[in-house]
Amino acid sequence: MLMSDKQHINLHLDAHTVGLDVPRDMEPNYRKAAELLNKRYQYYLKLRPNASAEQLWMYTALEVAVALQSDAREKSLVPVEKEIKELNELIKKELT
């Protein structure tokens, strides 16, 4: 990837600013991800006002990781579900 295919962006995560060089076509995804992280961080901050920033980021990271794992699991089941549906259709045809 050429350097011209990347752009520098600054993302604000709570009180921190993170500078990154990201692929131009991925820039909106990075911004949406930062927005999601900030929202979830604020949620945990309200839920646990006495928690340290480190603890809040751990809760946030864990929630996002679980969502990612769940999404990956659902996607991995799509081909199996499709094949089961096709097999069910074949069985129905043979039985009728």
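Residues numbered from 1 in each chain as written. Predicted model: local features only at pLDDT ≥ 70, side-chain atom pairs only at ≥ 80, totals over all residues. Heavy atoms only, no water.

On to helix 1 (residues 27–47). Each α-helix turn comprises 3.6 residues. Residues three or four places apart therefore point the same way. Here helix 1 spans 30 Å end to end across 21 residues, near enough to the 30 Å set by a 1.5 Å rise per residue. Turning to helix 1, its buried residues are Glu27, Ala34, Tyr41 and Tyr44. In an axial view of helix 1, the angular spread of the buried residues amounts to 115°, which keeps them on one side of the axis. Those residues of helix 1 that are exposed and angled more than 90 degrees off the buried face are Lys32, Lys39 and Lys46. At its buried positions, helix 1 is contacted by strand 1 (6–13), strand 2 (16–23) and helix 2 (53–95). (Helix = DSSP H or I, 4+ residues; strand = E, 2+ residues; numbered from the N terminus. Expected span 1.5 Å × (residues − 1). Buried < 20%, exposed > 50% of the residue type's maximum accessible area, 1.4 Å probe, protein only. Arc of directions from axis to C-beta. Contact = heavy atoms within 4.5 Å.)

What follows concerns the side chain of glutamate 27. With respect to the element layout, glutamate 27 can be found in helix 1. Overall, glutamate 27 belongs to the buried group, its relative accessible area being 17%. Residue contacts for glutamate 27: discarding those within four places in its chain leaves Gln7, Ile9 and Val22.

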